[in-house]
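Secondary and tertiary structure notes
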Amino acid sequence: MANAASGMAVHDDCKLKFLELKAKRTYRFIVYKIEEKQKQVVVEKVGEPTESYEDFSASLPADECRYAVYDFDFVTAENCQKSRIFFIAWCPDTSRVRSKMIYASSKDRFKRELDGIQVELQATDPTEMGLDVIRSRAT
């Protein structure tokens, strides 16, 4: 089970939902949260393919840490339709110190479970993960 060195356990649903996002494009985004009592990462919310980036950023709490995956579609300068899967570590400045420490220490292990992440972002406020930042990191 989980310990301080390995971070939290990862619920199977986390990996299954990620695979559905990656392979079948079933979701636009997935928000994950750490359940401290169960010592594991669980799926908190999934976004339908029709949902926007604004819907995604609105689903992240203003004062609590979360992990999130976002499937970003864009068109290249050569007019090619492309997609990038972003992993976002959301740790707002206003969240509890203990929470920040748990999310920071569990991040790498959790990220290893999600095979296929192309871009990683860390954000402490919404401006650090705005659509302009996502766009610039995608290309």
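See above for the structure.
Residues numbered from 1 in each chain as written. Predicted model: local features only at pLDDT ≥ 70, side-chain atom pairs only at ≥ 80, totals over all residues. Heavy atoms only, no water.

Let us now look at the packing of aromatic side chains. The full count for this structure, using the stated rule, is 11 aromatic pairs. A centroid spacing of 5.5 Å and a plane angle of 55° characterise the contact between Tyr53 and Phe56, whose relative ring orientation is tilted. Of this pair, Tyr53 and Phe56 both sit in helix α2 (residues 53-58), three residues apart, roughly one helical turn. Of the two residues examined, Tyr53 and Phe56, each falls in the buried class. On the numbers, 5.0 Å between centres and 20° between planes, the contact of Tyr67 with Phe110 is stacked. Placement of Tyr67 in strand β4 (residues 66-75) and of Phe110 in helix α3 (residues 97-113) is noted, with a sequence separation of 43 residues between them. (Phe/Tyr/Trp six-rings, centres within 6.5 Å; stacked < 30°, edge-to-face > 60°. Helix = DSSP H or I, 4+ residues; strand = E, 2+ residues; numbered from the N terminus. Buried < 20%, exposed > 50% of the residue type's maximum accessible area, 1.4 Å probe, protein only.)

Shape descriptors only; they carry no functional weight alone.
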